[in-house]
Structure formats: C-alpha cells, structure tokens
Amino acid sequence: MRLQPRCRVTAAGLFLLSGLPSQSRFRNDGEGEDADRKDIFMFKWIKKHYEVISYLIFGVLTTLLNIVLYALFNRLFGYTAANSWGNVLDNILCILFAYATNRAFVFRSRTQGREMAKEFGAFVTCRLGTLVLDAVIMMVGGNLLAAQGTALMEGLMQGVLGAVAGWIDPATGGSTINPYAGGADRSAAIAIIGGADGPTAIFVSGYSAQTLWGLCVKVFSNVIVVVLNYVFSKLIIFKKKK
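Residues numbered from 1 in each chain as written. Predicted model: local features only at pLDDT ≥ 70, side-chain atom pairs only at ≥ 80, totals over all residues. Heavy atoms only, no water.

**Q** When you look at the overall build of the protein chain in this model, what are you seeing that I'm missing?
**A** Counting its regular elements, the protein chain contains eight helices and three strands. Across the protein chain, helices and strands are ordered from the amino to the carboxyl terminus as α-α-α-α-α-α-α-β-β-β-α. Burial analysis of the protein chain (242 residues in total) assigns 30% to the buried set. At a minimum sequence separation of 6, the contacts of the protein chain that also span at least 24 residues come to 62%. Surface exposure of the protein chain reaches about 16,000 Å², of which carbon and sulfur atoms provide 69%. (Helix = DSSP H or I, 4+ residues; strand = E, 2+ residues; numbered from the N terminus. Buried < 20%, exposed > 50% of the residue type's maximum accessible area, 1.4 Å probe, protein only. Contact = heavy atoms within 4.5 Å. Areas by Shrake-Rupley, 256 points an atom, 1.4 Å probe, with all protein chains shown as cover.)

**Q** How should the side chain of T63 be read in this particular structure?
**A** Mapped onto the fold, T63 is located in helix α3 (residues 50-77). For T63, a relative accessible area of 16% corresponds to the buried category. Residues in contact with T63, not counting those within four places in the same chain, are N222 and V226.

**Q** Is there a simple way to explain the pattern of salt bridges in this structure?
**A** Two side chains that carry opposite charge are able to pair once their charged atoms sit near each other. Within the structure shown, the criterion is met by three salt bridges. One salt bridge in this structure joins K234 and E51, with 2.8 Å as the shortest N-O distance. With K234 in helix α8 (residues 209-237) and E51 in helix α3, this residue pair connects regions lying 183 residues apart in the sequence. A relative accessible area of 37% places K234 in the partly exposed class. Judged by relative accessible area, which is 14%, E51 ranks as buried. The residue K218 makes a salt bridge to D134 at a minimum N-O spacing of 3.2 Å. Of this pair, K218 sits in helix α8 while D134 sits in helix α6 (residues 113-144), and the two are 84 residues apart along the sequence. Of the residues examined, K218 reaches a relative accessible area of 0% and is grouped as buried. Looking at D134, the relative accessible area reads 2%, which means it is buried. (Salt bridge = Lys/Arg side-chain N within 4 Å of Asp/Glu carboxyl O.)

**Q** What am I meant to see in the packing of aromatic side chains here?
**A** Under the definition given, this model contains ten aromatic pairs. The interplanar angle of 25° and the centroid separation of 6.4 Å between the aromatic rings of F107 and Y230 together place this pair among those described as stacked. A residue pair is termed long-range when its members are at least 10 positions apart, and F107 in the loop between α5 (85-106) and α6 and Y230 in helix α8 qualify at 123 residues. Overall, F107 belongs to the buried group, its relative accessible area being 6%. Aromatic ring contacts, followed pair by pair, group Y55, Y99, F107, F120, F123, Y230 and F238 into a single cluster. (Phe/Tyr/Trp six-rings, centres within 6.5 Å; stacked < 30°, edge-to-face > 60°.)

**Q** Even after reading the chapter, I still don't get the nonpolar core, so can you show me in this structure?
**A** Side chains of nonpolar character tend, in soluble globular proteins, to be buried together. Counting residues in hydrophobic clusters, the biggest one holds 13 residues, and the most contacted among them are Y70, Y79, W213 and V217. Of all hydrophobic cores here, the second largest spans twelve residues; its members include V106, F107, F123 and I237. (Core = buried A, V, L, I, M, F, W, Y, C linked by side-chain atoms within 4.5 Å.)

**Q** How should I be thinking about a nonpolar patch on the surface in this particular structure?
**A** Together, L72, L76, F77, W85, L89 and L93 make up a nonpolar patch on the protein surface, roughly 580 Å² of accessible area in all. Put simply, the parts of the chain that give the nonpolar patch at least two residues each are α3 and α5. Classification of L89 as partly exposed rests on a relative accessible area of 35%. (Patch = residues over 30% accessible without salt bridge, like charges linked within 9 Å, V, L, I, M, F, W, Y side chains within 5 Å.)

**Q** Please clarify how unusual backbone geometry should be interpreted in this entry.
**A** The general pattern is negative phi for most residues beyond glycine and trans for most peptide bonds. We note that R108 has phi near 45°; this positive angle belongs to a residue other than glycine. Within the secondary structure layout, R108 lies in the loop between α5 and α6.

**Q** Explain α5 to me, please; I cannot follow it from the model alone.
**A** For an α-helix, the turn length of 3.6 residues means that residues three or four places apart are oriented alike. Here α5 spans 30 Å end to end across 22 residues, near enough to the 32 Å set by a 1.5 Å rise per residue. Inspection of α5 places G86, N87, D90, N91, C94, I95, A98, Y99, T101, N102, R103 and V106 among the buried residues, and these make up the whole buried set. On the buried face of α5, the contacting elements are α3, α4 (79-82), α6 and α8. Note on α5: the residue one or two positions beyond its end, R108, has a positive phi of about 45°. (Expected span 1.5 Å × (residues − 1).)

The quantities given are spatial measurements derived from coordinates; they are silent on function.
Right, dumping it as structure tokens:
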C-alpha cells in the first residue's frame with residue numbers, strides 16, 4: 001500500500017505563498033512583465049539616488065524643525081529675539097539633528113575615534129559657516145527690511161482676499177477691502193462683496209503680516225543653506241576615501 005504524502009498548511013506557508021506572483025502576472029499580454037520591469041527600474045533608481053533622496057528627506061525634516069523652532073521662539077520671546085539670538089539657538093539644535101541623521105542614514109558613515117571627531121569638527125565648521133549666512137539673511141531680510149516686507153505682505157494679502165471675493169461672486173461686481181491695524185504688528189482685512197440687495201458676504205481675516213514676512217525670509221534662507229550643506233557634506237565632510 002502506497003502512502004500519500006501529507007501536506008501541512010501553516011500561517012507562515014500561506015504568507016510565503018501570498019508573496020508569489022499570481023498567474024495573471026504571466027498573461028500573454030505582457031502586463032505582468034511590464035509591471036516587474038517598472039518595479040525593478042524604480043528599485044534601481046531609488047538605490048542609485050538614495051543619497052540625494054535621503055538627504056532631501058532629512059533636509060526637509062531639518063528645515064521643518066528650524067521653522068517650527070523659529071515660530072516657537074517668535075511666540076515666546078518676540079519677533080526681534082527670534083531673528084537674533086533665538087535664530088542662533090535654533091540653528092545649533094538643527095545642526096546636532098542634521099549631523100546625527102546625515103551620519104546614520106544619508107552618508108552612512110562608520111568612522112570611530114579620532115576620525116569621527118574630525119568628521120564632526122568638519123561638519124560643525126561647515127554648518128557654522130552656513131549658520132552665519134543664515135543669520136545675515138535673517139538680520140537683513142527679517143529685521144532691516146521688516147517694514148518693506150510687512151508692507152509687501154499686507155498688499156499681497158489684500159490682493160488675495162480681493163481675488164477670492166471676486167471669484168466667489170463675480171456677478172455682483174464690487175468688492176471692497178478695508179484694512180485696519182490690530183496692534184503693533186497685526187493686520188486684518190475685511191472683504192465685502194456688494195450686490196444690489198446689499199452685501200452678500202463678508203470675510204474677516206486676521207494675520208500678522210510681519211510674521212508672514214519673517215517666515216518667507218526664513219524659508220528662503222533655508223533653501224540656500226540646505227543646498228550649500230549638501231555640497232559641503234558630499235565633497236568635504238563625508239567624502240568617501242578611494
């Protein structure tokens with residue numbers, strides 16, 4: 001009597017089987033092969049550009065941290081402080097975060113001892129250079145040009161509110177923007193859409209034009225700093241030895 005082999009199905013076996021390509025992947029129309037080729041191409045592209053992609057990801061995270069800390073210091077200590085000593089403290093914290101993530105995840109450095117200390121020293125030196133650049137941009141753009149920037153933001157916001165008012169009810173025609181000051185650095189606007197039967201909608205928007213300008217300068221500064229930091233990290237700090 002010939003015994004039949006017994007098959008035991010386990011959860012692990014089902015999991016492995018679920019990962020196998022289905023028969024639909026091998027149809028004559030070639031759709032399965034095309035999908036495989038696309039997956040392989042995407043994998044190779046990500047692997048080839050992993051360093052740039054990962055740097056951009058952690059660069060964005062560092063930038064977000066920088067902006068969040070700037071906004072926090074602005075709220076806690078005031079606008080002028082956030083653009084001076086608060087901005088320096090902000091950048092020091094971001095430098096430490098950036099070194100840890102760049103070393104571990106982007107350039108995957110394995111240096112130890114003196115080599116690691118030298119690497120960290122070069123990183124801090126280059127980041128201090130871009131910190132000085134960031135401080136200069138914030139002092140000039142954020143403080144010295146604050147009045148011009150605030151006026152620019154106020155005009156921009158008035159234009160946006162007017163455009164929104166006209167888009168919502170263009171048939172009624174007249175839309176008026178009435179700006180007024182709500183404090184030392186506060187601005188507000190009322191947009192009224194007027195019609196034959198009276199105003200049909202009123203929009204009130206309160207905002208700080210000065211803070212908006214400061215954030216715009218901060219974002220501009222961060223873009224410049226991120227690009228320079230990548231060049232320094234790639235060519236100087238984490239340069240691979242041949």
